[in-house]
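Structural description and commentary
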Amino acid sequence: YQRLADMDALTGMFSRSSYERDIQNIILNSGIMIVSFDLNNLKLCNDKYGHKMGDEYLLSASALIAKIFQKYGKIYRIGGDEFCCIIEKAKECPIKYCIEQMAVEEAKLEKSRKGAHPYKLRVACGYAVYDPGKDDNLEATRERSDMMMYKNKEEIKEKEKNA
């Protein structure tokens, strides 16, 4: 039962309850990074093409996130279209390269599907490293990571609008 509670049934990622337990048990230090992810246009995909296609979007996105970040940390689905990764050794994760790879992998996926799917997979992301001068806890670090992710989300939407 504990394993079922710890895992998200759809994506196989760790669950929100697992995330909340883990952030309480991690010893805080300035080497911890949190990366936040949000799927652009999942609601639109669900509304326009149905929840089966939305689930496919979630599965594709979670696989993409795992492909890039799983070797560095633990990935959680913390909301409907929200994911995060806790990386306990931030210095070992080339974060800017990883973010660039996300875009490369999105483009590869788009090309391989050759229009077989009516939606474009887009994952916005942001990150923050725990800073005891700014953060009372890891949830505060995640909030800073979220702010960067929302900025990236808007940049992606603006770029697509102008394309």
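Here the structure is shown first, and the text comes after it.
Here's what I pulled together on the structure shown here. (Residues numbered from 1 in each chain as written. Predicted model: local features only at pLDDT ≥ 70, side-chain atom pairs only at ≥ 80, totals over all residues. Heavy atoms only, no water.)

One can find Ser 112 in helix H5 (residues 95-113). Along the chain, Ser 112 and Ala 128 lie 16 residues apart, while their C-alpha atoms are 32 Å from each other. In terms of polar contacts, Ser 112 uses its side chain to reach the backbone carbonyl oxygen of Leu 109, at 2.9 Å. (Helix = DSSP H or I, 4+ residues; strand = E, 2+ residues; numbered from the N terminus. Polar contact = N/O pair within 3.5 Å; in protein donor to acceptor, adjacent residues only side chain to side chain.)

Attention now moves to the side chain of Asp 135. Tracing the sequence through the fold places Asp 135 in the loop between strand E4 (123-129) and helix H6 (138-162). Only 2.9 Å separates the side chain of Asp 135 from the side chain of Arg 144, close enough to count as a polar contact.

This paragraph deals with the sheet that holds strand E1 (residues 33-39). Strands sit in the order E2-E3-E1-E4 across an open sheet of four strands; the sheet is antiparallel. With partners counted over all chains shown, the strands left at the sheet margins are strand E2 (74-77) and E4, one partner each. Across the sheet, the axes of successive neighbouring strands diverge by a mean angle of 20°, strand direction being ignored. In this structure, E1 lies alongside strand E3 (residues 82-87), joined through six bridges in antiparallel fashion. Note that in E3 the partner of Val 35 across the bridge is Cys 85. Sitting on the sheet, helix H2 (residues 16-25) is in contact with E2 and E3, with an inclination near 130° to E2. (Pairing = 2+ DSSP bridges. Axes fitted to C-alpha atoms, helices over the stretch in contact; angles between N-to-C directions. Contact = heavy atoms within 4.5 Å.)

In this section: the pattern of salt bridges. Applying the stated criterion across every chain yields a total of 14 salt bridges. A salt bridge links Arg 21 to Asp 6; the nearest nitrogen and oxygen atoms lie 2.9 Å apart. Here Arg 21, found in helix H2, pairs with Asp 6, found in helix H1 (residues 2-6); they are 15 residues apart in sequence, far enough to count as distant. Salt-bridge contacts for Asp 22 lead to Lys 74; the nearest nitrogen and oxygen are separated by 2.7 Å. Of the two residues, Asp 22 is situated in helix H2 and Lys 74 in strand E2; the sequence distance between them amounts to 52 residues. On the basis of relative accessibility, which here comes to 13%, the residue Asp 22 falls in the buried class. Under the relative-accessibility criterion, Lys 74 is labelled partly exposed at 28%. One network of salt bridges, with partners in common, ties together Lys 67, Glu 105 and Lys 108. (Salt bridge = Lys/Arg side-chain N within 4 Å of Asp/Glu carboxyl O. Buried < 20%, exposed > 50% of the residue type's maximum accessible area, 1.4 Å probe, protein only.)

Take it as geometry only, folks, not as evidence of what the structure does.
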